[in-house]
Amino acid sequence: MKNLYIDFDGVIVNTIDITYKMANSLGIKKDYTNYLQFFQNLNWEEVLEQAKPINDSFNEIKKIINSHKFNVFILTHVTSIHEAEAKIKLINRYLENITIITVPKSISKTKVLNTKDAILIDDFPPNLDDWEKSGGIGIRFDLDLDGKGHQVIDRLSQIIYFF
Ligand SMILES: [Mg+2]
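## Overview of the domain arrangement of the protein chain
Move 1: We note that the domain assignment places domain 1 (2-13 + 52-162) and domain 2 (16-49) within the protein chain.
Move 2: On a C-alpha basis, the centres of domain 1 and domain 2 stand 21 Å from each other.
Move 3: The partner domain 2 presents 10 residues to the 13 residues of domain 1 that form the contact.
Move 4: Across the domain 1-domain 2 interface, the total number found is 0 salt bridges.
Move 5: The tally of links between domain 1 and domain 2 comes to 1 residue pair in polar contact (both at pLDDT 80 or more).
Move 6: Its residues placed into classes, the side of domain 1 that touches domain 2 shows 3 nonpolar, 5 polar and 5 charged.

## Brief notes about the nonpolar core
Move 1: Formed by 38 residues in total, the largest nonpolar core has its most connected members in L4, I6, I12, I64, I121 and L156.
Move 2: Two domains each put at least three residues into this core: domain 1 (2-13 + 52-162) and domain 2 (16-49).
Move 3: If we skip the residues at most four places from it in the chain, I64 touches L4, I6, F70, V72, L156, S157, I159 and I160.
Move 4: Residues F73, V103, A118 and W131 belong to the second largest nonpolar core, which totals 9 residues.

## Some remarks on helix α6 (residues 125-133)
Move 1: For α6, every residue scored as buried is listed here: P125, N127, L128 and W131. For α6, the arc enclosing every buried residue in end-on projection is 155 degrees, short of the 170-degree limit, so these residues lie on one face.

## Some details on the environment of L120
Move 1: Tracing the chain through its elements places L120 in strand β4 (residues 119-122).
Move 2: A sequence separation of 11 residues divides L120 from W131, and the C-alpha atoms of the two residues are 7.4 Å apart.
Move 3: Setting aside residues no more than four positions away along its own chain, L120 makes contact with Y5, L75, N127, L128, W131, I137, G138 and I139.

## Let's talk about the sheet that holds strand β5 (residues 137-141)
Move 1: Strand order in the open sheet made by the 6 strands is β3-β2-β1-β4-β5-β6, with parallel pairing throughout. Of all strands in the sheet, those with a lone pairing partner are β3 (99-104) and β6 (151-153), marking the two edges. Across the sheet, the mean angle separating the axes of adjacent strands is 30 degrees when strand polarity is ignored.
Move 2: As defined by bridge partners, β4 adjoins β5 across 4 bridges and the pair is classed as parallel. Counted as the bridge partner of I119 is I137 from β5.
Move 3: Of the strands in this sheet, β1 (2-6) and β2 (70-78) are in contact with helix α4 (residues 57-66), which crosses β2 at around 145 degrees.
Move 4: Running at roughly 165 degrees to β5, α6 makes contact with β1, β2, β4 and β5 of the sheet.

Calculation criteria
- Residues numbered from 1 in each chain as written.
- Predicted model: local features only at pLDDT ≥ 70, side-chain atom pairs only at ≥ 80, totals over all residues.
- Heavy atoms only, no water.
- Domains from an automatic or database assignment.
- Contact = heavy atoms within 4.5 Å.
- Salt bridge = Lys/Arg side-chain N within 4 Å of Asp/Glu carboxyl O.
- Polar contact = N/O pair within 3.5 Å; in protein donor to acceptor, adjacent residues only side chain to side chain.
- Nonpolar A, V, L, I, M, F, W, Y, C, P; charged D, E, K, R; others polar.
- Core = buried A, V, L, I, M, F, W, Y, C linked by side-chain atoms within 4.5 Å.
- Buried < 20%, exposed > 50% of the residue type's maximum accessible area, 1.4 Å probe, protein only.
- Helix = DSSP H or I, 4+ residues; strand = E, 2+ residues; numbered from the N terminus.
- Arc of directions from axis to C-beta.
- Pairing = 2+ DSSP bridges.
- Axes fitted to C-alpha atoms, helices over the stretch in contact; angles between N-to-C directions.

What follows is the structure in structure tokens.
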């Protein structure tokens, strides 16, 4: 069985849309330091209350688990412990017995686990580029099916038919 890592923001739930709107309405400058501060001070319970699963993502993950083709993990970047807590609580509401790995935003996802032949589903192309450079298989999640150089899906269970 291959290890399959699924990103959270912009893949499982639409938090990117929500935080982007919040940042815009507050006039947050789009540089790294300002954005990082904005994310560190966010009320993640509020964000996740507004967030919606993308294309039935939680049921799609159940389908992937039930295919018995993959060891499934959720792999998400976080900017604070508070963000990690809120995300873990939300995921546990929908999925039992899933392994959730939270990675500090400043560290590449490739640095916390063995990426060799492991699959990453992520919406952010630089994460996929990094992943493939370190021996993994990158699959882009994008609702417009724009792979940006990677294989692409818009429903998570499509991954079952790739392997
Ligand atoms: Mg993402």
